[in-house]
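Survey of secondary and tertiary structure
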Amino acid sequence: MSAEFGRRSGGQGRISQWLRGRRPKEDSGDGGREDLLLATAAAGLPLAPAAHPAGYRCSCDRVGCPTPARHPVSFAWQTQSTTDGAQIERWARHQPQANFITATGMVHDVLDVPLEAGREALERLLAAGIEVGPVAESDDGRMLFFTLTRGTPEDEDEWWPCELDCHPETMDERPGLRWHCRGSYVLVPPARLPGDLSVRWVRGPEHPLPDPLSLLEILTDASSRYAGEDADHASAAWPLRG
């Protein structure tokens with residue numbers, strides 16, 4: 001994977017152009033999607049195919065899928081995830097509707113926060129001159145900050161447990177900040193969700209991955225205040241009755 005990590009230059013210009021809203025017409029179809037996925041892999045983020053929307057449902061066979069269009073298609077997604085461009089091209093061309101996930105805890109982690117809190121935190125981080133890496137946002141109300149991973153120590157007793165850690169199947173239990181690390185994954189842009197929603201880059205994968213601890217304080221503060229405001233609104237809407 002290390003050989004792939006340095007191969008960023010080929011997709012950077014196209015990603016930056018796409019993010020600025022000046023994507024060439026010839027890239028409006030699968031070609032643009034494929035180039036973005038290849039640039040993401042070239043930045044070192046391992047990818048694997050994921051489900052996609054089928055109307056308002058998920059393309060998988062699971063009745064009442066709890067994470068429609070947000071999960072891998074293979075149970076072996078952790079070993080399947082790769083930065084190999086040829087393999088990703090094959091997947092993208094053979095599965096033109098598929099979303100893609102990136103496995104966290106291998107090269108990178110993801111700090112996942114409510115969208116409004118994330119936008120506020122991003123503004124504060126940039127104003128403070130703190131290095132911010134790739135950032136994506138989802139129309140279902142989340143913002144994803146991609147960071148370096150905490151690593152995988154040889155001694156499991158040295159693994160740093162974190163109450164913020166979560167798995168996508170239990171994300172509803174983490175309404176504030178979620179920390180995706182080993183054993184988890186997130187969708188990578190461009191991705192489609194049921195209801196004509198999408199996941200897109202705010203800052204592309206050409207940005208170097210920062211240390212997660214450099215972002216954590218501001219992200220935690222913004223998420224906590226967001227959660228407090230949300231609770232206040234809920235209390236105002238549903239007053240207690242004596």
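Above this note sits the structure.
Keep in mind that what you see is a predicted model, and the values were worked out from it rather than measured.

Analysis parameters
Residues numbered from 1 in each chain as written. Predicted model: local features only at pLDDT ≥ 70, side-chain atom pairs only at ≥ 80, totals over all residues. Heavy atoms only, no water. Helix = DSSP H or I, 4+ residues; strand = E, 2+ residues; numbered from the N terminus. Buried < 20%, exposed > 50% of the residue type's maximum accessible area, 1.4 Å probe, protein only. Areas by Shrake-Rupley, 256 points an atom, 1.4 Å probe, with all protein chains shown as cover. Phe/Tyr/Trp six-rings, centres within 6.5 Å; stacked < 30°, edge-to-face > 60°. Pairing = 2+ DSSP bridges.

So, about the overall build of the chain. The secondary structure content of the chain amounts to 7 helices and 11 strands. Across the 242 residues in the chain, those meeting the buried criterion constitute 47%. Accessible area of the chain: about 12,600 Å², with a carbon and sulfur share of 51%.

Further remarks concern the packing of aromatic side chains. Scanning the entire structure with this criterion turns up 3 aromatic pairs. Judged by centre distance (4.8 Å) and plane angle (75°), the rings of Trp77 and Tyr185 are edge-to-face. Of this pair, Trp77 sits in helix H4 (residues 77-80) while Tyr185 sits in strand E9 (residues 185-188), and the two are 108 residues apart along the sequence.

Counted residue by residue, strand E7 (residues 142-148) has 6 buried out of 7 residues, so it is predominantly covered. Pairing analysis gives 7 bridges linking strand E5 (residues 108-114) to E7, with the strands arranged antiparallel. Residue Asp109 lies in a different strand from E7, and its bridge partner there is Thr147. Of the strand pairs in this sheet, strand E6 (residues 135-138) and E7 are connected by 4 bridges, and their pairing is antiparallel. Bridge pairing in E7 places Ser138 opposite Arg142. Here E6 folds back onto E7 in antiparallel fashion, the turn holding 3 residues, of which Gly141 has a positive phi close to 100°.

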